[in-house]
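Descriptive analysis of the structure
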Amino acid sequence: MRNITGQTITQLIQSVVEKDVENSYRQFLSTKIPDMVFTSPFKCDGYGVSQKDNIRLLCEFKKDVDLRTKSDQVDVIIQAIFYVKKFEQNGMILPNVLLLGDKNELFVLHTNSIFDYLSFDIDWELPASKAHMIFPIKEKLMQDEKIAPFVFSINELDIAIEKIKDLAKNVVRLIPITPHNITEVFSYFENNVLGKHILDTNQLANLFVQLLINPDENYLHPVAKRKT
């Protein structure tokens, strides 16, 4: 793979079909984040994982839309939300950053920004490419003042990558607990939150449930050190 600079990405990405735009972004990201491995779960445009930078990047690419307008931003975000929902439904760790771009511009969002939309009572079996037609979720996003991303020019992709790294490292990712992932979340709670402990199975399960239903009364002690 040849090295791609910020100057050459513009030429690479001025492509004639959407798939070429996708491939150009993937190639550039893989060059700038060498350990990033791309797959396409649920036929998404790309899911890039970097262990070094703690990045789980869900990508959605278009050939040529106006991502500086709220309407086009929302249409692309809805499609990304549907893919994130697939992760949730299959009990998988969610992406922590979204990259949405076309051949001219792009923006990035932390998954926390769209967290609440995963609980919408809509037909989640609808193809992601048709999801922007769902009026309730589109209307809500159009009015959502938290969805106001900074839009980068394609020439600023290097800067956008630094933004992706910052979001992945510096923002605490919220994890929705569902019947699909509760076993994984419970395991994470026991191994990474509690660490070594003397609780039996019933006590551990009771504490976990109490944290879910009554978090104000159950929390990690701010002073006491955990045994490791």
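Heads up: these notes are all about the structure in this document.

Thresholds applied
Residues numbered from 1 in each chain as written. Predicted model: local features only at pLDDT ≥ 70, side-chain atom pairs only at ≥ 80, totals over all residues. Heavy atoms only, no water. Axes fitted to C-alpha atoms, helices over the stretch in contact; angles between N-to-C directions. Helix = DSSP H or I, 4+ residues; strand = E, 2+ residues; numbered from the N terminus. Parallel < 35°, antiparallel > 145°, perpendicular 65-115°, else oblique. Left-handed = near helix turned anticlockwise from the far one by under 90°. Contact = heavy atoms within 4.5 Å. Nonpolar A, V, L, I, M, F, W, Y, C, P; charged D, E, K, R; others polar. Buried < 20%, exposed > 50% of the residue type's maximum accessible area, 1.4 Å probe, protein only. Pairing = 2+ DSSP bridges. Right-handed = clockwise from strand over helix to strand, strands pointing away. Core = buried A, V, L, I, M, F, W, Y, C linked by side-chain atoms within 4.5 Å.

Direction vectors running N to C along helix α3 (residues 70–89) and helix α4 (residues 135–143) enclose 125 degrees, while the axes themselves pass 10 Å from each other. In terms of orientation, α3 and α4 fall into the oblique class. Of the two elements, α3 crosses α4, and the hand of that crossing is right-handed. For the pair α3 and α4, contact is made by K70, S71, V74, D75, I77, I78 and I81 and by I137, K138, L141 and M142, respectively. A breakdown of the residues in the contact of α3 with α4 according to their chemical character gives 7 nonpolar, 1 polar and 3 charged.

Next up on the list: the pairing of strand β4 (residues 97–101). In summary, the side chains of a regular strand alternate between the two faces of the sheet. Where burial is concerned, most of β4 is hidden: 5 out of the 5 residues are buried. Residue alternation in β4 divides its side chains into two sets, V97, L99 and G101 and L98 and L100, and both sets are buried. The sheet contact formed by strand β3 (residues 55–61) and β4 spans 5 bridges and is parallel. Paired with L58 across the two strands is L98, which belongs to β4. As for the winding sense of the linkage, the β-α-β connection from β3 through α3 to β4 is right-handed. Of the strand pairs in this sheet, β4 and strand β5 (residues 105–110) are connected by 5 bridges, and their pairing is antiparallel. Pairing of L99 across the sheet is with V108, part of β5.

Judged by nonpolar contacts, the single largest core of 31 residues is most densely connected at L58, I77, I81, F82, L100, I137 and L141. Elements with a contribution of two residues or more to this core: α3, β4, β5 and α4. Among the elements that make up this core, the one with the highest residue count is α3 (10 residues). Those residues in contact with I81 that lie beyond four places of it in its chain are I114, Y117, L118, W124, I137 and L141.

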